[in-house]
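These are the residues of each chain, in order.
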Amino acid sequence: MSQEFLKNHKGHQVPLKAIRPADIIRHEFVQSAIAKAKEQSKALAEFKKQQMSEFDAFIALLAQEYAVELGGTKGNVTLRSFDHKQKVTLQVQESIELGPELLVAKELIDECLNEWSEGANENLKLIIEQTFATDKKGKVSVQKVLGLRRLNITDETGKWQRAMDIIADSILVMDSTRFIRFYETIGEHEHAISLDIAKL
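Thresholds applied
Within each chain, residues carry numbers counting from 1 in the order of the written sequence. Only residues with pLDDT of at least 70 are given local features in this predicted model, and only at 80 or more are side-chain atom pairs given and counted; all residues enter the totals for whole chains, interfaces and linings. Side-chain numbers here rest on the full set of heavy atoms in the structure, without hydrogens or water. Secondary structure elements are defined from DSSP: runs of H or I of at least 4 residues count as helices, runs of E of at least 2 residues count as strands, and each element is numbered from the N terminus. The quantity called the radius of gyration is restricted to C-alpha atoms. Its globule counterpart is 2.2 Å times the number of residues to the power 0.38. A simple rule labels every residue: compare its accessible area, found with a 1.4 Å probe on the protein chains alone, to the largest value its type can have, and call it buried under 20%, exposed over 50%, or partly exposed in between. Two residues qualify as a contact provided that any one of their heavy atoms is within 4.5 Å of a heavy atom in the partner residue. In short, Shrake-Rupley with a 1.4 Å probe defines the accessible areas, and a residue's cover is counted only from the protein chains shown. When charges are counted, Lys and Arg are positive and Asp and Glu negative, with His and the chain ends excluded. All charge positions are set by atom: Lys at NZ, Arg at CZ, Asp at CG, Glu at CD. Take the number of residues in a helix, subtract one, and multiply by 1.5 Å to get its expected span.

A. Up close: the overall build of the protein. When its secondary structure is counted, the protein shows five helices and six strands. Going residue by residue from the N terminus, the α and β elements of the protein occur as β-β-α-β-β-α-α-α-α-β-β. A compact globule built from 200 residues would reach a C-alpha radius of gyration of about 16 Å, whereas the protein, at 28 Å, exceeds it by more than 25%. The dimensions of the protein, computed from C-alpha atoms along their principal axes, are 85 × 55 × 35 Å. The buried share among the 200 residues of the protein stands at 20%. Residue pairs at least 24 apart in sequence account for 55% of intrachain contacts in the protein once pairs closer than 6 positions are excluded. Of the roughly 15500 Å² that the protein leaves accessible, carbon and sulfur atoms contribute 54%. For the protein, the centre of its 27 positive side-chain charges and the centre of its 30 negative side-chain charges are spaced 11 Å apart.

B. Spotlight on helix 1 (residues 21-65). Taking 1.5 Å per residue as the helical rise, helix 1 with its 45 residues ought to reach 66 Å, and the 66 Å between its terminal C-alpha atoms agrees with that figure. Among all positions of helix 1, only Ile24, Gln51, Met52, Phe55, Ile59 and Ala63 are buried. Taken together, the buried residues of helix 1 touch strand 3 (77-80), strand 4 (86-98) and strand 5 (171-186). Within two residues after helix 1, Ala67 carries a phi angle of roughly 55°, on the positive side.

Structure below.
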């Protein structure tokens, strides 16, 4: 170590001769490990970028072969090797929020509940209230609200269906993240090829 001092956590310069040898060795190990980790992180980022690019190029080639024009970047696609023992999947995960239309939908749902229950069982109202309850940040659970659209409810007035349509209109895609994953079948079992150092 060429320098004659090290800075401590308070920013003070401490002479090497005043530092225990074990602390110096620990410091050097940590710095070396972090530098190598950064190199690996950069290499993985480049690998991901390259594989995404090659995946997109293949899909574009496939579209060209069948004379189909793809609109935008596609995701949720699985490519398999000829023997089906290896596969690569590309998935798109969207981060969504619900817009102010949700208030209108909630009003219609409340009207439905009032008409259906007429003061009988309050449990249904409680379930709906919990569905629209906000967290500490003042946001409702997107999954819970969208779960209402999966319910097979028939309403003669059409209010429930209108409310579900309004909920659909309230969906705002805020962000979209693409994931590429790799799998290999060994024997009868499929295994994910981990690129997460913590899982190796």
